[in-house]
Amino acid sequence: MHSQTYIHSDPLIESLPLSNISRAMDDDEVVIIGAGICGLATALALHRKGIKSVVMERSESLRNVTGAAIGIQPNGWRALDQLGVSENLRHTAVRLRRFRTLDISLGGGKQKEISLCDGETRWLRRKDLIDTLYAELPPGAVKFGFQLESIKFDPYSSKPVLRFIDGSSIVAKVVIGCDGGKSIIAQFLGLKPTKIFPLCAVRGLTYYPNGHSYDYEFAKVMKDNISVGRVTIDDNLVYWFCFLPYIPKDEKVWEDPEVTRQLTLELLSNHPQEIHQEIHELIENADMKSLSITHMRYRAPWDLLTGSFCKGTVMVSGDAMHVMGPFLAQGGAAGIEDAVVLARIMAQLDLNSVESGSKVMAHKVEESFNQFVKQRRMRVVRLSLQTYIIGMLSGTPSFIKKVIYIMLLVVLFPNPYNHVNYDCGDL
Ligand SMILES: Cc1cc2nc3c(=O)[nH]c(=O)nc-3n(C[C@H](O)[C@H](O)[C@H](O)COP(=O)(O)OP(=O)(O)OC[C@H]3O[C@@H](n4cnc5c(N)ncnc54)[C@H](O)[C@@H]3O)c2cc1C
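Model, not experiment: these values are computed from the prediction.

When its secondary structure is counted, the protein shows 14 helices and 18 strands. For the protein, whose C-alpha radius of gyration is 22 Å, the value lies close to the compact-globule estimate of 22 Å for 427 residues. Pairs at least 24 residues apart make up 73% of the contacts formed inside the protein by residues separated by at least 6 positions. Split by element, the accessible area of the protein, about 18,800 Å² in all, is 52% carbon and sulfur. Charge centroids of the protein, computed over 47 positive and 47 negative side chains, lie 5 Å from each other.

This paragraph deals with the sheet that holds strand β2 (residues 53-57). Taken in spatial order, the six strands make up an open sheet running β7-β2-β1-β11-β18-β17, and their pairing is mixed. Bordering the open sheet on either side are β7 (142-144) and β17 (310-311), each of which pairs with just one other strand. On the sheet, helix α3 (residues 37-48) packs against β1 (30-33), β2, β7 and β11 (174-177) and is oriented at approximately 160° with respect to β1.

With that out of the way, let us pick up the site of the ligand. Every one of the 33 residues lining the ligand counts as a neighbour, but E57, G71, R126, L148 and D319 are closest to it. Between the ligand and the protein, one listed contact pairs a nitrogen atom with a backbone N or O atom of A329 at 3.3 Å. Computed on the free molecule, the ligand has an accessible area of 1,000 Å², of which 90% lies beneath the protein chains in the complex. For the shell around the ligand, the secondary-structure elements that each account for two or more residues are α3, β2, β3 (69-72), β12 (195-207) and α12 (331-348). Here the shell around the ligand is composed, by residue class, of 15 nonpolar, 11 polar and seven charged.

Here we take up the packing of aromatic side chains. Here the structure, examined in full by the defined rule, presents 17 aromatic pairs. Geometrically, the ring pair formed by F99 and Y417 is stacked, given 5.8 Å between the ring centres and 20° between the ring planes. Of this pair, F99 sits in strand β4 (residues 98-103) while Y417 is found in the segment after α14 (399-412), placing the two residues 318 residues apart along the sequence. The class of F99 is buried, set by a relative accessible area of 7%. Here the aromatic rings of W302 and Y388 are separated by 5.3 Å at their centres, their planes lie at 90°, and the arrangement is edge-to-face. You can see W302 sitting in helix α10 (residues 301-306) and its partner Y388 sitting in helix α13 (residues 359-395), a full 86 residues away along the chain.

Here we have seven strands laid out as an open sheet, ordered β5-β4-β13-β14-β15-β12-β16, and mixed in their pairing. The open sheet is flanked by β5 (110-115) and β16 (292-298), the only strands paired with a single partner. The mean inter-strand angle of the sheet, taken between neighbouring strand axes irrespective of direction, is 20°. Pairing analysis gives six bridges linking β12 to β16, with the strands arranged antiparallel. For R203, the partnering residue across the bridge sits in β16 and is S292. Most of the contacts of helix α9 (residues 273-284) go to strand β15 (residues 237-245), to which it runs at about 110°, and overall it touches β4, β12, β13 (217-223), β14 (226-232) and β15. Against the sheet, α13 contacts β12 and β16, and its axis sits at roughly 85° relative to β12.

This brings us to the pattern of salt bridges. Enumeration over the complete set of coordinates arrives at 23 salt bridges. One salt bridge connects R98 with E217, and the closest N-O pair in it is separated by 2.9 Å. Separated by 119 residues along the polypeptide, R98 in strand β4 and E217 in strand β13 bring together distant segments of the chain. Note on R98: relative accessible area 21%, which makes it partly exposed. Linking R230 and E278 is a salt bridge whose minimum nitrogen-to-oxygen distance equals 2.6 Å. With R230 in strand β14 and E278 in helix α9, the pair connects residues that are 48 residues apart, well separated along the chain. Among the residues examined, E278 registers a relative accessible area of 31% and is labelled partly exposed.

Every second residue of β1 is oriented toward a common face, with V30 and I32 on one face and V31 and I33 on the other, all of them buried. Where β1 meets β2, four bridges bridge the pair, whose relative direction is parallel. Bridge assignment links V31 to a residue of β2, and that residue is V54. In the classification by handedness, the crossover that spans β1, the intervening α3 and the parallel β2 is right-handed.

Criteria and thresholds
Residues numbered from 1 in each chain as written. Predicted model: local features only at pLDDT ≥ 70, side-chain atom pairs only at ≥ 80, totals over all residues. Heavy atoms only, no water. Helix = DSSP H or I, 4+ residues; strand = E, 2+ residues; numbered from the N terminus. Rg over C-alpha atoms; globule rule 2.2 N^0.38 Å. Contact = heavy atoms within 4.5 Å. Areas by Shrake-Rupley, 256 points an atom, 1.4 Å probe, with all protein chains shown as cover. Lys, Arg positive; Asp, Glu negative; His and termini not counted. Charge placed at Lys NZ, Arg CZ, Asp CG, Glu CD. Pairing = 2+ DSSP bridges. Axes fitted to C-alpha atoms, helices over the stretch in contact; angles between N-to-C directions. Near = heavy atom within 4 Å. Polar contact = N/O pair within 3.5 Å; in protein donor to acceptor, adjacent residues only side chain to side chain. Nonpolar A, V, L, I, M, F, W, Y, C, P; charged D, E, K, R; others polar. Phe/Tyr/Trp six-rings, centres within 6.5 Å; stacked < 30°, edge-to-face > 60°. Buried < 20%, exposed > 50% of the residue type's maximum accessible area, 1.4 Å probe, protein only. Salt bridge = Lys/Arg side-chain N within 4 Å of Asp/Glu carboxyl O. Right-handed = clockwise from strand over helix to strand, strands pointing away.

That is the geometry; function is a separate question.
This is the structure we're talking about:
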């Protein structure tokens, strides 16, 4: 018998042909919305624990190009180790030796250098991370072309009913919203809307067929409210990024990568000659397919402290729960940690031993979601708070505000790299 129950009590769904209702799936226990890093990692973590799930993604294929590259620091590698995918990924990017930052705002020029000898840090192509997670899933685990439109509880069974924009609907037992920073599931749970930093990020990859001369490092220069950085991915590939002042969505720069590139170069023209020359060359030679511009969302740390991230058998994870901006390079890794912690807790429920669809199961799932939120809340509050302060520091032109943000960082985060020591535990 299918463990998926199709609703007959909902007039909205009653009016749909059965083929429409059931085209998505057959008898999956857990529905994950969104095949980004967190959705795929969650499906994989559950799969490793013997819990079947289906991921429903609005795009027609994996969104593995957007964003070019992603930094994975020691805490992220620990989580990837648990998922059993770290060995393959290690071969795709070099291990970095140091972080180098130079702040030339306010007439200064002090360089900070942090050795990365003690912890593994690599910047991966996003494509490699997403493709690797996807490849480990059983066939058919991801259903493409399903854009969630709305979710509600069936008033009779209390099960979540998911409605997609093509008119199809399903009744799930368990829903995990990994649908990113503008999550429909988060909205359903009553979380406050996410906000946007007063900045834009432009990112891309530059390929050097005959090799480049950069060291294995992360190097960033900050001048006023513009930051620019480069990171070595391998001997031929360099990832670069620029945090620029906020640009509204309706400008042409959002539609044409060539305009994005030109504007970025223009905004960097006031940087000292040597820095400008280097970054100019990187951006000028960038692979245009990898170049993108984005706003940077965040869930306010104080909303994370108080928000309800689950209701009944519905919850959010990854950016849908704690989108936080890129300033610590931790959002994606935090989503992978979420996946490990959630699957561990859910597996402890021994779902298979409980009659499918029973009230006992629903209670156990709720209990596991509550435990998940309890274990994850303070971790993501801390990450988000640190990211938020750095983001505000980068985005403000005001000298006084800069001083306040720096003081807050020094007081609240005396060891600014402490977050990479976090261990999400065994799967
Ligand atoms: C400029 C920048 C740089 C960053 N750098 C780093 C870094 O170096 N290291 C790091 O760890 N993190 C970094 N991050 C953060 C990281 O990119 C995110 O935290 C991570 O991608 C979030 O993954 P996710 O799966 O939770 O959400 P997403 O990647 O947003 O995935 C959500 C998925 O859900 C799908 N979806 C959305 N709505 C629906 C719907 N209604 N129906 C069906 N599907 C839907 C989307 O198509 C998408 O595939 C950076 C972020 C930015 C903006």
